[in-house]
Amino acid sequence: MADPPGCCSTCATCLLCPYSCQWITAKKEKRKGLRTTKCDCSWFLFLFCVFLFTLVWLYFAIIILNDFHNFNEFIFRQRKLWLDWSLVLLIATAVLISYSSVLLVLALCLQLCGQPLKLHWVHKILLILTALVVAAAFTGLGIKWAEEWKSARISLQATGPFLHIGTVGGMTLLAWPLASFIYRTRSTGLRVFLLLVYWAAMIALYLAPLGITSPCIMEENQLPPKPALVGHRGAPMLAPENTLMSLHKAVECDVQVFETDVMVSADGVPFLMHDEELTRTTNVQAVFPDRAAQSTAFNWTDLQQLDAGSWFLERRPFPTVQSLSPGDRNETTKQRIPSLEQALEAAKQSNISIMFDLRPENHSDYQNFVNVTLGVILQSGIPLQQVLWLPDGFREDVKQQAPGVQQVYGRKRLKNEKEPVLHVNLPYQDMSSEEIRQYRQDNISVNLYVVNQPWLFSVLWCSGVSSVTTNACQVLKEMKHPIWLLPSSTYLMIWIVVDCVSFLMIIWAFILLKKCSHRRRPAESETDVLLTKINSLMQE
């Protein structure tokens with residue numbers, strides 16, 4: 001394989017020590033006859049693949065942060081343990097990517113210096129473990145959280161142009177160690193193979209923008225209006241979810257709709273609560289330690305005894321909790337479970353709409369839940385057009401008793417709809433940009449949930465979505481423009497310039513390193529002859 005031409009002793013030691021876990025100087029390498037074998041090259045290829053594998057996982061980890069609060073809630077329901085698992089994910093991913101990156105940089109530097117790539121067995125074991133951990137993470141993601149694959153595809157609409165530029169830049173820099181290896185190796189077949197693979201990859205990258213599509217590649221005057229904000233359980237990053245404080249914080253964020261969840265108490269009072277158990281968002285275990293925590297098993301008097309705010313300060317479901325003012329902290333501790341009547345009154349006074357699910361859908365007395373809830377709405381005096389009805393159960397009865405209530409469907413429209421669908425409420429993964437545009441042209445309001453990250457909000461904004469349900473209303477409120485917006489002509493120019501600069505730099509790298517290799521060979525030949533003579537004399 002490649003012959004190490006020698007390097008300064010200090011550089012060889014500094015590079016070989018962490019990579020090979022040996023203190024070897026350049027002269028000792030010559031004396032020991034160390035070479036980069038085929039096995040060493042195989043381990044370098046494995047290292048490169050592990051680096052790419054962990055890099056892809058890092059990308060996924062960043063993308064799924066938009067939905068990670070759902071994962072935290074899922075773990076709590078299963079294990080009754082609250083922890084911000086996103087921190088664990090990011091720390092573990094950072095460790096894996098840092099480790100593989102450092103090893104890869106060391107290997108590339110060793111190759112440029114002509115040193116042997118003798119990867120230590122400890123690193124080999126750790127690389128295998130890294131690959132297994134990342135593979136397990138991807139497998140778990142595919143089994144338990146398959147919708148995140150759709151999120152990744154959507155994210156490419158936001159990052160595709162920039163990933164292209166970054167990948168072209170990385171592959172261009174790779175030309176230097178590749179050229180160094182090609183000019184040093186003695187195998188003609190290996191040279192041809194590496195060149196063919198490298199240039200095939202580069203040509204594919206140069207043409208990749210032909211397959212890159214993004215709704216944000218458009219002219220400025222074509223940008224649709226900014227989507228309206230729907231507060232997911234209010235403003236859950238600023239106040240305890242499904243409380244009046246959360247509703248008021250959402251109003252301060254300029255949301256147009258307060259989205260919540262309604263349950264009915266044992267004595268027939270509709271109240272705001274998402275979980276079927278009261279454990280996560282109240283102190284029910286402290287107040288009623290001997291009772292089951294089922295939400296619908298408590299009467300309204302018992303529910304009013306529960307603290308619905310202190311958990312927010314104790315568990316800190318979002319990092320924003322740390323920045324609450326003393327006044328907000330004090331108000332948080334005073335929160336109680338609000339009734340639907342109280343929420344409707346607050347929505348009416350704030351002039352915002354209210355949209356809700358009625359839970360649990362599989363309850364044996366669900367029809368009575370619908371009737372009781374509808375009765376509270378009709379008695380509240382709120383304009384019915386400010387009420388957005390989500391539950392599918394007994395929808396026809398609701399239409400007859402309260403025809404002014406806006407019906408919102410949790411599905412796409414059907415081909416043979418008996419009545420026109422005017423509002424749909426879907427996960428953001430379930431609608432493509434093309435479908436959003438088509439619904440917009442047909443005057444169908446599309447609300448997508450749950451959208452927390454600015455990159456995702458930008459893609460949906462460019463697609464023309466009507467509104468988004470969000471936990472981060474205070475963040476999206478401040479966005480006056482999508483994160484990026486490029487006219488197609490500008491993107492075309494960037495594409496051509498990047499590809500041309502990359503091509504010229506690769507050619508320059510190969511030419512420059514070829515000249516360096518020619519200059520080095522005479523000196524290396526003289527050194528080899530001298531060493532041979534010294535060896536012969538010593539044997540005599």
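Residues numbered from 1 in each chain as written. Predicted model: local features only at pLDDT ≥ 70, side-chain atom pairs only at ≥ 80, totals over all residues. Heavy atoms only, no water.

Draft legend 1. Seen up close, the overall build of the protein chain. A count of helical and extended segments in the protein chain gives 21 helices and nine strands. On C-alpha atoms alone, the protein chain measures out to a radius of gyration of 31 Å, which is more than a quarter above the 24 Å that the 2.2 N^0.38 rule sets for 540 residues. For the protein chain, the residues scored as buried account for 48% of the 540 residues in total. Taking as baseline every contact in the protein chain between residues at least 6 positions apart, the subset at least 24 positions apart corresponds to 68%. Counting only carbon and sulfur atoms, one obtains 62% of the accessible surface of the protein chain, whose full area is about 26,500 Å². Between the centroid of the 47 positive side chains of the protein chain and the centroid of its 45 negative side chains there is a distance of 15 Å. (Helix = DSSP H or I, 4+ residues; strand = E, 2+ residues; numbered from the N terminus. Rg over C-alpha atoms; globule rule 2.2 N^0.38 Å. Buried < 20%, exposed > 50% of the residue type's maximum accessible area, 1.4 Å probe, protein only. Contact = heavy atoms within 4.5 Å. Areas by Shrake-Rupley, 256 points an atom, 1.4 Å probe, with all protein chains shown as cover. Lys, Arg positive; Asp, Glu negative; His and termini not counted. Charge placed at Lys NZ, Arg CZ, Asp CG, Glu CD.)

Draft legend 2. Fine view of unusual backbone geometry. A cis amide bond, omega -15°, links arginine 359 with the succeeding residue proline 360. Relative to the assigned elements, proline 360 resides in the loop between strand E4 (353-358) and helix H16 (366-380). Note the cis peptide between tyrosine 449 and valine 450, where omega equals -20°. Note that valine 450 resides in the loop between strand E8 (445-449) and helix H19 (454-463). Look at asparagine 242: it is not a glycine, yet its phi comes out positive at around 55°. Residues other than glycine seldom take positive phi values, yet aspartate 254 does so here, at roughly 65°. For aspartate 254, the position within the fold is in the loop between helix H10 (244-252) and strand E2 (257-264). Given the relative accessible area of 53%, aspartate 254 is considered exposed.

Draft legend 3. Seen up close, H19. The element H19 is extensively covered by neighbouring structure, given that nine of its ten residues are classed as buried. Inspection of H19 places Trp455, Leu456, Phe457, Ser458, Val459, Leu460, Trp461, Cys462 and Ser463 among the buried residues, and these make up the whole buried set. Looking one or two places after H19, you find glycine 464, whose phi comes out positive at around 100°.

Draft legend 4. How the structure looks around a nonpolar patch on the surface. Taken together, the side chains of Trp121, Val122, Ile125, Leu126, Ile128, Leu129 and Leu132 present a nonpolar region at the surface, about 640 Å² in accessible area. If you trace the backbone, leucine 129 turns up in helix H6 (residues 121-144). When its relative accessible area of 45% is taken as the criterion, leucine 129 is described as partly exposed. (Patch = residues over 30% accessible without salt bridge, like charges linked within 9 Å, V, L, I, M, F, W, Y side chains within 5 Å. Salt bridge = Lys/Arg side-chain N within 4 Å of Asp/Glu carboxyl O.)

Draft legend 5. Structural detail: the confidence of the model for the protein chain. Counting all residues, the mean pLDDT for the protein chain is 90, and 90% of those residues have values of 70 or more. In this model, residues 25-33 is a region of pLDDT below 50 whose contacts with residues beyond four sequence positions or in other chains number 13 contacts. (pLDDT = per-residue confidence, 0-100.)

Draft legend 6. View of the state of the cysteines. This model, assessed by the stated rule, comprises one disulfide. Each disulfide pairs two cysteine sulfurs, and for cysteine 216 the partner residue is cysteine 462, the sulfurs being separated by 2.3 Å. Between cysteine 216 and cysteine 462, the S-S torsion sits near 95°, and that sign places the bridge as right-handed. Of this pair, cysteine 216 sits in the loop between helix H9 (188-207) and strand E1 (228-232) while cysteine 462 sits in helix H19, and the two are 246 residues apart along the sequence. Accessibility classification places cysteine 216 together with cysteine 462 in one group, the buried group. The thiol sulfur of cysteine 41 is not disulfide-bonded, and the nearest other cysteine sulfur, from cysteine 39, lies at 9.3 Å. (Disulfide = S-S within 2.5 Å.)

Draft legend 7. Layout of the packing of aromatic side chains. This structure, assessed with the given rule, holds 21 aromatic pairs. An angle of 80° between the planes, with centres 5.9 Å apart, marks the rings of tryptophan 311 and phenylalanine 312 as edge-to-face. Classification of tryptophan 311 by relative accessible area gives buried; the value is 6%. In this structure, arginine 291 packs its charged tip against the face of phenylalanine 288, placed 5.1 Å from the ring centre. Over the aromatic face of tyrosine 409 sits the side chain of arginine 395, whose NZ or CZ is 4.3 Å from the ring centroid. (Phe/Tyr/Trp six-rings, centres within 6.5 Å; stacked < 30°, edge-to-face > 60°. Lys NZ or Arg CZ within 6 Å of the ring centre and 35° of its normal.)

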